[in-house]
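Reading the structure
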Amino acid sequence: MNEAVATTSKQVVERYFDMWNTGDVSAAPDILSEGWIDHAHPEVVGPAGVQRAIEQIKAAQPDLHFHIERILADADRIAAIGSVHQGQDLNTPGTDLIWLARVANGQMAEMWTYRNTT
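Rules of the game
- Residues numbered from 1 in each chain as written.
- Predicted model: local features only at pLDDT ≥ 70, side-chain atom pairs only at ≥ 80, totals over all residues.
- Heavy atoms only, no water.
- Helix = DSSP H or I, 4+ residues; strand = E, 2+ residues; numbered from the N terminus.
- Buried < 20%, exposed > 50% of the residue type's maximum accessible area, 1.4 Å probe, protein only.
- Contact = heavy atoms within 4.5 Å.
- Areas by Shrake-Rupley, 256 points an atom, 1.4 Å probe, with all protein chains shown as cover.
- Lys, Arg positive; Asp, Glu negative; His and termini not counted.
- Charge placed at Lys NZ, Arg CZ, Asp CG, Glu CD.
- Pairing = 2+ DSSP bridges.
- Salt bridge = Lys/Arg side-chain N within 4 Å of Asp/Glu carboxyl O.
- Axes fitted to C-alpha atoms, helices over the stretch in contact; angles between N-to-C directions.
- Nonpolar A, V, L, I, M, F, W, Y, C, P; charged D, E, K, R; others polar.

1. A word on the overall build of the protein chain
Scanning the protein chain for helices and strands turns up three helices and six strands. Along the protein chain, from the amino end to the carboxyl end, the secondary structure elements read α-α-β-β-α-β-β-β-β. Taken along the three principal axes of its C-alpha coordinates, the protein chain extends 40 × 30 × 20 Å. The burial tally for the protein chain puts 39% of its 118 residues in the buried class. Across the protein chain, the fraction of contacts at a sequence separation of at least 24, relative to all contacts at a separation of at least 6, is 42%. Working note: accessible area of the protein chain is about 6,700 Å², and carbon and sulfur atoms make up 49% of it. Averaging the locations of the 8 positively and 16 negatively charged side chains of the protein chain gives two centres separated by 3 Å.

2. A closer look at the pairing of strand 3 (residues 64-74)
Looking along a regular strand, one sees the side chains alternate between the two faces of the sheet. Relative to strand 4 (residues 77-86), strand 3 runs antiparallel, the two being bridged by 10 bridges. Each bridged residue has a counterpart across the sheet, and for isoleucine 68 the counterpart in strand 4 is glycine 82.

3. Brief notes about the pattern of salt bridges
Applying the stated rule across the entire model yields two salt bridges. Between glutamate 110 and arginine 102 there is a salt bridge whose closest N-O contact spans 2.7 Å. On the basis of relative accessible area, glutamate 110 is assigned to the buried category, the value being 15%.

4. Quick look at the sheet that holds strand 5 (residues 95-104)
Taking strand neighbours across the sheet as the criterion, the six strands line up as 2-1-6-5-4-3 in an open arrangement whose pairing is mixed. The strands lining the two open edges of the sheet, one partner per strand, are strand 2 (41-45) and strand 3. Within this sheet the neighbouring strands show an average axis-to-axis angle of 20°, counted without direction. Here strand 1 (residues 32-38) pairs with strand 2 via two bridges, running antiparallel. Considered in strand 2, the bridge of isoleucine 37 is made with valine 45. Contacting strand 1, strand 3, strand 4, strand 5 and strand 6 (107-115), helix 1 (residues 3-22) crosses the sheet at an angle of about 170° to strand 3. Against the sheet, helix 3 (residues 46-60) makes contact with strand 1, strand 2 and strand 3, and its axis sits at roughly 55° relative to strand 1, the strand it touches most.

5. Thoughts on the packing of helix 1 against helix 3
Running from N to C, helix 1 and helix 3 cross one another at 35°; their axes reach a closest spacing of 9 Å. The residues of helix 3 that touch helix 1, namely those facing Tyr16, Met19, Trp20 and Asn21, are Val50, Ala53, Ile54, Ile57 and Lys58. For the contact of helix 1 with helix 3, the per-class residue count stands at seven nonpolar, one polar and one charged.

6. Quick word on the pairing of strand 5
By the bridge criterion, eight bridges tie strand 4 to strand 5 in an arrangement that is antiparallel. Bridge assignment links arginine 77 to a residue of strand 5, and that residue is arginine 102. The sheet contact formed by strand 5 and strand 6 spans eight bridges and is antiparallel. Opposite isoleucine 98, over in strand 6, you have tyrosine 114 as the bridge partner. Between strand 5 and strand 6, which pair antiparallel in sequence order, lie two residues; one of them, asparagine 105, sits at a positive phi of approximately 55°.

Given below as C-alpha cells:
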C-alpha cells in the first residue's frame, strides 16, 4: 500500500465531511472530481451538485452533523465509519453509517453509503 496516497485520500474524505458539518462548500471543486457521483444520491453530480445539496440540506437542517469515528484507507479506497446526528451531542440518537469512497488524482470520484437498518 502506498502510505502517502492513503494519507492524502483520508484527508480528502475528512474535508468532504467538514463541508457538510460547517456548510462551507468552497472546498468542493478541490476535493471532488468533475465526474463525482454519490451512488446513494445519483441525482447529485459533480462539485456544483454537492455544493447545492449541502446548501439546501443545511438550510433545512442546520444542526445536521456527521460524526466520523474512524477512517480506514488502502491507497485510493477509503472506508469512513460514523453516524449522523441533529446537533453535535453524540448522546442523542443518530444513524450509524459506513461510507466507502474511491479517490482518484487527489479527488473523491465516487461514494457509496450504507446505513444500519436494525
